[in-house]
Amino acid sequence: MLSERRLQVLRAIVQDYVGTEEPVGSKALTERHSLGVSPATVRNDMAALEDEGYIAQPHTSAGRIPTDKGYRLFVDKLAGVKPMTAPERRAIQNFLDGAVDLDDVVARTVRLLAQLTRQVAVVQYPSLTRSTVRHVELLSLAPARVMLVLITDTGRVEQRMIDCPAPFGETSLADLRARLNSRVAGRRFTDVPQLVEDLPEGFDLEDRGTVSTVLSTLLETLVEENEERLMIGGTANLTRFAHDFPLTIRPVLEALEEQVVLLKLLGETQDPGMTVRIGHENAYEGLNSTSIVSVGYGSGGEAVAKLGVVGPTRMDYPGTMGAVRAVARYVGQILAES
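A quick note: this is a predicted structure, and the numbers were derived from the prediction, not measured. In this numbering scheme, every chain counts its residues from 1 along its sequence in written order. Residue-level local features of this predicted model are given only where pLDDT is at least 70; pairs of side-chain atoms are given and counted only at 80 or more, and the full residue set underlies all totals for whole chains, interfaces and linings. Excluding hydrogens and water, the side-chain values take into account all heavy atoms of the structure.

Asker: Help me understand the packing of helix α1 (residues 4-20) against helix α3 (residues 39-51) in this model?
Answerer: Describing two packed helices takes the angle between their axes plus the distance from one axis to the other. Axis definition: a line fitted to C-alpha atoms, limited for helices to the stretch in contact. Angles are taken between N-to-C directions and run from 0 to 180 degrees. The helix and strand labels rest on DSSP assignments: H or I over at least four residues marks a helix, E over at least two residues marks a strand, and numbering proceeds from the N terminus. Between α1 and α3, the shortest axis-to-axis distance is 10 Å and the interhelical angle comes to 85 degrees. In terms of their interaxial angle, α1 and α3 are classed as roughly perpendicular. Listed contacts from α3 to Arg5, Arg6, Val9, Leu10 and Ile13 of α1 are Thr41, Val42, Asp45, Met46, Ala48 and Leu49. Throughout, the ten residues Ala, Val, Leu, Ile, Met, Phe, Trp, Tyr, Cys and Pro are labelled nonpolar, Asp, Glu, Lys and Arg are labelled charged, and all others, Gly among them, are labelled polar. Across the contact of α1 with α3, the residue classes break down as seven nonpolar, one polar and three charged. Under this scheme an angle from 65 to 115 degrees is roughly perpendicular, one under 35 degrees roughly parallel, and one over 145 degrees roughly antiparallel; angles in between are oblique. Residues count as neighbours in contact if any of their non-hydrogen atoms are within 4.5 Å of one another.

Asker: Please explain the sheet that holds strand β4 (residues 133-142) as it appears in this structure.
Answerer: The pairing of strands in a sheet happens through backbone hydrogen bonds and is either parallel or antiparallel. In space, the three strands of this open sheet follow the order β4-β5-β6, with antiparallel pairing throughout. On the outer flanks of this sheet lie β4 and β6 (157-163), each paired with one strand and no other. On average, each strand axis in the sheet is tilted by 20 degrees relative to the strand beside it, whichever way the strands run. Strands are treated as partners if at least two bridges between them are detected by DSSP. In terms of strand pairing, β4 meets strand β5 (residues 145-152) through eight bridges, oriented antiparallel. What sits directly across from Leu138, in β5, is Leu148. Along the sheet, helix α7 (residues 170-184) contacts β4 and β5; its crossing angle with β4, the most-contacted strand, is approximately 170 degrees.

Asker: I keep staring at the nonpolar core and nothing clicks. Help me out?
Answerer: Across soluble globular proteins, nonpolar side chains have a tendency to be buried as a group. Counting 58 residues, the largest nonpolar core has Leu29, Tyr297, Leu307 and Tyr317 as the members making the most contacts within it. With eleven residues, the single largest contributor to this core is helix α12 (residues 317-337). Excluding residues that lie within four positions of it along the chain, Tyr317 makes contacts with Tyr71, Phe74, Val75, Val276, Ile278 and Ser291. By convention a nonpolar core is built from buried Ala, Val, Leu, Ile, Met, Phe, Trp, Tyr and Cys residues, the set being connected through side-chain atoms within 4.5 Å. Relative accessibility under 20% of the residue-type maximum defines a buried residue, over 50% an exposed one, and the middle range a partly exposed one, all with a 1.4 Å probe and only protein chains included.

Asker: Before we go on, may I ask you to explain the environment of Val123 in this structure?
Answerer: Mapped onto the elements, Val123 comes out in strand β3 (residues 120-124). Along the primary structure Val123 and Met231 are separated by 108 residues, whereas in three dimensions their C-alpha atoms are 5.3 Å apart. Once you skip the residues sitting within four places of it in the chain, Val123 turns out to touch Val106, Thr109, Val110, Leu113, Arg229, Leu230, Met231, Tyr297, Lys306 and Leu307.

Asker: I'm lost on the packing of helix α6 (residues 102-117) against α12 in this one. Help?
Answerer: Following both chains from N to C, one finds α6 and α12 inclined at 165 degrees, their axes separated by 10 Å at the closest point. Put simply, α6 runs roughly antiparallel to α12. Both α6 and α12 take part in a crossing whose hand is right-handed. Along the contact surface, α6 presents Leu102, Val105, Thr109, Leu112, Leu113, Leu116 and Thr117, while α12 presents Thr320, Ala323, Val324, Val327, Val331, Ile334 and Leu335. Handedness of a crossing is defined here by the sense of rotation of the near helix relative to the far one, left-handed for an anticlockwise turn of less than a right angle and right-handed for a clockwise turn.

Asker: Explain unusual backbone geometry to me, please; I cannot follow it from the model alone.
Answerer: The phi torsion of most residues other than glycine is negative, and most of the peptide bonds are trans. For Glu21, which is not glycine, the phi dihedral falls at a positive 65 degrees. Structurally, Glu21 is set in the loop between α1 and α2 (26-32). For Glu21, a relative accessible area of 39% translates into the label partly exposed. The residue Arg118 is not glycine, and still its phi comes out positive at about 55 degrees. Judged by relative accessible area, which is 48%, Arg118 ranks as partly exposed.

Asker: So what exactly am I meant to see when it comes to a nonpolar patch on the surface here?
Answerer: Within the patch definition used here, like charges are joined within 9 Å and nonpolar side chains (Val, Leu, Ile, Met, Phe, Trp, Tyr) within 5 Å, considering only residues with over 30% relative accessible area and no salt bridge. Surface exposure here means Shrake-Rupley accessible area, sampled with a 1.4 Å probe, where a residue is shielded only by the protein chains that are shown. A carboxyl oxygen of Asp or Glu within 4 Å of a side-chain nitrogen of Lys or Arg is what we treat as a salt bridge. Side chains of Leu139, Leu141 and Met161 sit close together on the surface and give an oily, nonpolar patch of about 260 Å² of accessible area. For Leu139, the location among the structural elements is in strand β4.

Asker: What am I meant to see in the pairing of strand β9 (residues 290-297) here?
Answerer: Along any regular strand the residues' side chains alternate between the sheet's two faces. Of all eight residues in β9, eight are buried; the element is thus mostly enclosed. Across the two faces of β9 the burial is the same, with Thr290, Ile292, Ser294 and Gly296 and Ser291, Val293, Val295 and Tyr297 all buried. Where strand β8 (residues 275-278) lies against β9, four bridges are found, and the strand directions are antiparallel. Bridge pairing in β9 places Arg277 opposite Ile292. In this sheet, strand β10 (residues 305-312) lies alongside β9 in antiparallel orientation, the contact comprising eight bridges. Looking across to β10, one finds that Ser291 is bridged to Gly311.

Treat this as a map of the structure, not an account of what it does.
As structure tokens, then:
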């Protein structure tokens, strides 16, 4: 266990290195921070922190920089989440409130996160496996042609055209719409197949073929939309930190193109809490020089997807965590109201 004073020294080193981009020396620490001890004592503390792997000497310079282990301790023990100011919160709300549909919500969220944190923003579309049906609309386009509109609790809208095996009257269509919604509205996608299994049996024999066709189209729509999608923005922000990546930013850019990699790194959606993966904690080699801060978002207290940012390990963790958390909260509110 590190002493309280050494934790203070580590906190000061992380803050100074993130702020100045320069390795930090004992003299600068004592000048900038009220540590209450002499530079010689700080030097001894820094030597102990280096022996334990929390800081390292990057080259022959006198200064030290935090290691992944040092950043991890800083995030776990020393860094609070920096709250957004009232004007920042208002700006977030105003920007997101203008969204017209789910795609626009996701696009605006990506832009906003990238601007607030000056990192690469990653937003996962709400997963339909964790979504619920808000409403199913059935519209008659011709005697034997129907449009099915599926609306989810996250504001996602899916439309399908259905060619029916026989003409289907307005009265029958209204009856099917009412019975279908009474069974599936407010229910999870994964529960729907079982809920509608015996629905055709309640209709006249000549209508059962059409009812079955409509139901099979609905179930296909639920399955089709199961794939996970991401939107990424602010990749150009990486070029501002080119010197933070040991050789080149190319491995990072290549990793960002791998949606499967990013989905794994954002973490399991079922875990809605804040996740911070630092440097070599990222299993994907191309991202060993980056940190990823992510959190779940959703309506009604349940996460339906994740959002977060990717940037160099030399990151303003309290500020980034605060921005990610605030944006996730507002996106959740918009989904709940949509």
